[in-house]
Amino acid sequence: MIWVMKPISKLKKELDKWFSFYIRLRDATDEGLVQCFTCGVVKHYKQGMQCGHFQSRRYLPTRFDEQNCQPQCVACNMFKSGEQFKFHINLDAKYGEGTSIKKQQEAIQMVKFARGWYEEKISYYKSAVNNLKKEKGIE
């Protein structure tokens, strides 16, 4: 049997999946309900909720940043382009004045993550998701 390493693109996609679950579960109630960071609508973390990014996913330095990412409904994240102004205001309210400026600066830094970094983060977030599901008693 020949063992082939997953390309970085596949690892990034897998990390996106587990990280998104984590972000939505992190703020979910024990019933699995989570509030949209920008409009306040409450939905089940698996239905109509996504991992919204203040600085776009295209910026690798903040793509997997837990402060940069918050639960958002599909309407805000997709159809209203992430509601950046509301996201900015709420980010500073949650983490302190200047957080949004800091995320903008971090986003444009040059980084390259190695295979091992992705594998480590996948393992971490997969475990964190499973732990949160057990803690909250949700599936």
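For the structure itself, consult the block above.
Procedures and definitions
- Residues numbered from 1 in each chain as written.
- Predicted model: local features only at pLDDT ≥ 70, side-chain atom pairs only at ≥ 80, totals over all residues.
- Heavy atoms only, no water.
- Buried < 20%, exposed > 50% of the residue type's maximum accessible area, 1.4 Å probe, protein only.
- Helix = DSSP H or I, 4+ residues; strand = E, 2+ residues; numbered from the N terminus.
- Pairing = 2+ DSSP bridges.
- Phe/Tyr/Trp six-rings, centres within 6.5 Å; stacked < 30°, edge-to-face > 60°.
- Salt bridge = Lys/Arg side-chain N within 4 Å of Asp/Glu carboxyl O.
- Contact = heavy atoms within 4.5 Å.

1. Looking at the pairing of strand β4 (residues 69–73)
Remember that side chains alternate between the two faces of the sheet whenever the strand is regular. When you tally the buried positions in β4, you get 5 out of 5 residues, the bulk of the element. Here β4 shows no split at all, with Cys69, Pro71 and Cys73 on one side and Gln70 and Gln72 on the other all buried. In terms of strand pairing, strand β3 (residues 49–53) meets β4 through 5 bridges, oriented antiparallel. From the neighbouring strand, Gly52 faces β4, where its bridge partner is Gln70.

2. Concerning the packing of aromatic side chains
A full pass over the atoms with the stated rule returns 13 aromatic pairs. With centroids separated by 6.5 Å and ring planes inclined at 90°, the aromatic side chains of Phe64 and Tyr118 adopt a geometry described as edge-to-face. One end of the pair, Phe64, is in the loop between α2 (60–63) and β4; the other, Tyr118, is in helix α6 (residues 115–136), with 54 residues separating them in the sequence. There is no split in this pair, since Phe64 and Tyr118 are both buried. Plain terms: the ring middles of Phe113 and Tyr118 are 6.1 Å apart, the flat faces sit at 85° to each other, and that makes the pair edge-to-face. Pair check on accessibility: Phe113 and Tyr118 agree, each one buried. Taken together, the ring pairs in this structure connect Phe19, Tyr22, Phe64, Phe113, Trp117, Tyr118, Tyr124 and Tyr125 into an aromatic cluster.

3. A look at the pattern of salt bridges
Taken as a whole and judged by the stated rule, the model has 10 salt bridges. The shortest N-O distance in the salt bridge between Asp27 and Arg26 comes to 3.3 Å. Take Arg26: its relative accessible area is 19%, and that puts it in the buried class. Across the pair Glu106 and Lys103 runs a salt bridge, and its minimum N-O distance is 3.0 Å. Taken as a pair, Glu106 and Lys103 lie in helix α5 (residues 99–107) at a separation of 3 residues, close to a single helical turn.

4. Describing the side chain of Gln55
Following the sequence through the fold, Gln55 ends up in the loop between β3 and α2. Excluding anything up to four places from it in sequence, Gln55 contacts Thr62, Asn68, Lys103, Gln104 and Ala107.

5. A short note on unusual backbone geometry
Apart from glycine, the bulk of residues carry a negative phi angle, and the bulk of peptide bonds sit in the trans form. Positive phi values are uncommon outside glycine, yet Ser81 reaches one of about 50°. Here Ser81 is to be found in the loop between α3 (74–79) and α4 (84–95). Within the chain, Glu83 stands out as a residue other than glycine whose phi angle is a positive 45°. Positionally, Glu83 belongs in the loop between α3 and α4. A residue is classified by how much of its surface remains accessible, and Glu83, at 18% relative accessible area, is buried.

Limitation: the analysis is restricted to geometry and does not speak to function.
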